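Each chain is listed here by its residues.
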Amino acid sequence: MSFSTDPRFPVADDEAPARRVLLLFAMSLVVVGLGGLLAITVTHWRSGDKTVGTVSAKATGAETIGPQPGEDLRAYLGGRATALAAATGDRSAVVSLPGYVNEAQARAAVGQAKVVGLLAAIPGGLPSVVTGTMGDWVNAQVADKRNDRDEMQQLVPTVDDPQFKSFYQDEIARINKLLDAVKPDGPLVFGVVVQAPAPTLQAVAASGQVRLVDVGAAAAVPPNAQLRGVRPEETAKANDPPTRPA
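Residues numbered from 1 in each chain as written. Predicted model: local features only at pLDDT ≥ 70, side-chain atom pairs only at ≥ 80, totals over all residues. Heavy atoms only, no water.

Moving on, we get to the overall build of the chain. Helices and strands together make up the secondary structure of the chain, namely 6 helices and 9 strands. Within the chain, buried positions represent 42% of all 246 residues. For the chain, the share of sequence-separated contacts (at least 6 apart) that also reach a separation of at least 24 residues comes to 77%. Accessible surface, the chain as shown: approximately 12,100 Å² in total, 54% of it carbon and sulfur. (Helix = DSSP H or I, 4+ residues; strand = E, 2+ residues; numbered from the N terminus. Buried < 20%, exposed > 50% of the residue type's maximum accessible area, 1.4 Å probe, protein only. Contact = heavy atoms within 4.5 Å. Areas by Shrake-Rupley, 256 points an atom, 1.4 Å probe, with all protein chains shown as cover.)

Spatial strand order, E6-E5-E7-E4-E8: 5 strands in an open sheet with antiparallel pairing. Looking along the sheet, the strands with just one partner apiece sit at the ends: strand E6 (128-130) and strand E8 (212-215). The mean inter-strand angle of the sheet, taken between neighbouring strand axes irrespective of direction, is 25 degrees. Pairing between strand E4 (residues 90-101) and strand E7 (residues 189-197): 8 bridges, direction antiparallel. When the sheet's bridge partners are listed, Ser-92 is paired in E7 with Gln-195. The strands touched by helix H4 (residues 134-155) within the sheet are strand E5 (114-120), E6 and E7, with E6 carrying the most contacts at an inclination of about 145 degrees. (Pairing = 2+ DSSP bridges. Axes fitted to C-alpha atoms, helices over the stretch in contact; angles between N-to-C directions.)

Now for the packing of aromatic side chains. Tallied over the entire structure, the rule returns 2 aromatic pairs. An angle of 70 degrees between the planes, with centres 6.0 Å apart, marks the rings of Tyr-100 and Phe-190 as edge-to-face. One end of the pair, Tyr-100, is in strand E4; the other, Phe-190, is in strand E7, and 90 residues separate them in sequence. For the pair Tyr-100 and Phe-190, a shared accessibility class is recorded, and that class is buried. (Phe/Tyr/Trp six-rings, centres within 6.5 Å; stacked < 30°, edge-to-face > 60°.)

With 22 residues, H4 extends 32 Å from end C-alpha to end C-alpha; this agrees with the ideal 32 Å at 1.5 Å per step. For H4, the full list of buried residues reads Met-134, Asp-136, Trp-137, Val-138, Gln-141, Val-142, Lys-145, Asp-148, Arg-149, Met-152 and Leu-155. (Expected span 1.5 Å × (residues − 1).)

Counting 41 residues, the largest nonpolar core has Val-95, Met-134, Trp-137, Val-194, Leu-201 and Val-213 as the members making the most contacts within it. One finds Ile-65, Tyr-100, Leu-119 and Leu-227 within the second-largest nonpolar core, a separate group that totals 10 residues. (Core = buried A, V, L, I, M, F, W, Y, C linked by side-chain atoms within 4.5 Å.)

Time to look at the confidence of the model for the chain. Overall, the predicted model of the chain reaches an average pLDDT of 79, with 75% of residues at or above 70. pLDDT under 50 marks residues 1-60. Its contacts with residues more than four places away, or in other chains, come to 101 contacts. (pLDDT = per-residue confidence, 0-100.)

Moving on: the pattern of salt bridges. Opposite charge on two side chains permits them to pair, given that their charged atoms come into close proximity. Counted according to the given criterion, the structure contains 6 salt bridges. Between Arg-107 and Glu-103 there is a salt bridge, with its nearest N and O atoms 3.0 Å apart. Of the two residues, Arg-107 and Glu-103 are both situated in helix H3 (residues 103-109); the distance of 4 residues between them amounts to about one turn of the helix. Classification of Arg-107 by relative accessible area gives partly exposed; the value is 38%. Judged by its relative accessible area of 25%, Glu-103 falls in the partly exposed class. Connected via shared salt-bridge partners are Arg-231, Glu-233 and Glu-234. (Salt bridge = Lys/Arg side-chain N within 4 Å of Asp/Glu carboxyl O.)

Most of E4 is tucked away, with 9 of its 12 residues classed as buried. Pairing between E4 and E8: 4 bridges, direction antiparallel. Along E8, the bridge assignment pairs Ser-96 with Leu-212.

End to end, helix H5 (residues 162-181) covers 29 Å across 20 residues, agreeing with the expected 28 Å (1.5 Å per residue, within 8%). The set of residues buried in H5 consists of Phe-164, Phe-167, Tyr-168, Glu-171, Ile-172, Ile-175, Leu-178 and Leu-179. What you see down the axis of H5 is that its buried residues fit within an arc of 130 degrees, all on one side. H5 presents Pro-162, Asp-170, Lys-177, Asp-180 and Ala-181 as exposed residues on the side facing more than 90 degrees away from its buried surface. Taking the backbone nitrogen of Gln-163 as reference, a side-chain oxygen 2.8 Å away marks Asp-161 as the first, capping residue of H5. (Arc of directions from axis to C-beta. Polar contact = N/O pair within 3.5 Å; in protein donor to acceptor, adjacent residues only side chain to side chain.)

And the structure:
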């Protein structure tokens, strides 16, 4: 991906190369602050020790439950409804919700199905699979955003151009507002990873409380499975936009 000079920041021809480098750096920080724009990253938490591992959604050799980035959602949702109707036995599934809710509401939406993980995203962030506590996950997300903000704050005193300085200050204010709003019991969850008999999953799909029950091929979620729900803001194509709107 390449970036062009923002028209809001006009520069003289002889200053353009240096200014462009600075703008590229600024935009790279914004991309980091938004969680990245190039790929979905699935974050797995180990309960108890609070360690984190990140697995690329493009990893090879792993089973996927969920649509591929760019896939047409109308066709995908219809196809997965047909697959669910034909499912038998115990199955794993990714249940996508019509909106962002808190953890208790998400668990209630899947009824008697066994919850093995939650799909969550903070505003401006990438979707994650959370298998530890929401509190630990939120703390990690907030720490990342604080690091981005602190880097910008250190850069502001070194910037002489008032337009660039205003750009950084606006980003710092946006991140501070985001940090103040993110709470572990807030509306961060958009999906649930579950295990249940097929009739239970079919009943969840028919409840009117969920958008999609994306049934897997087996009863257990494979250890390296890539789990992709459909976020509320994804309406036409999967992974569009790639992050939750800020």
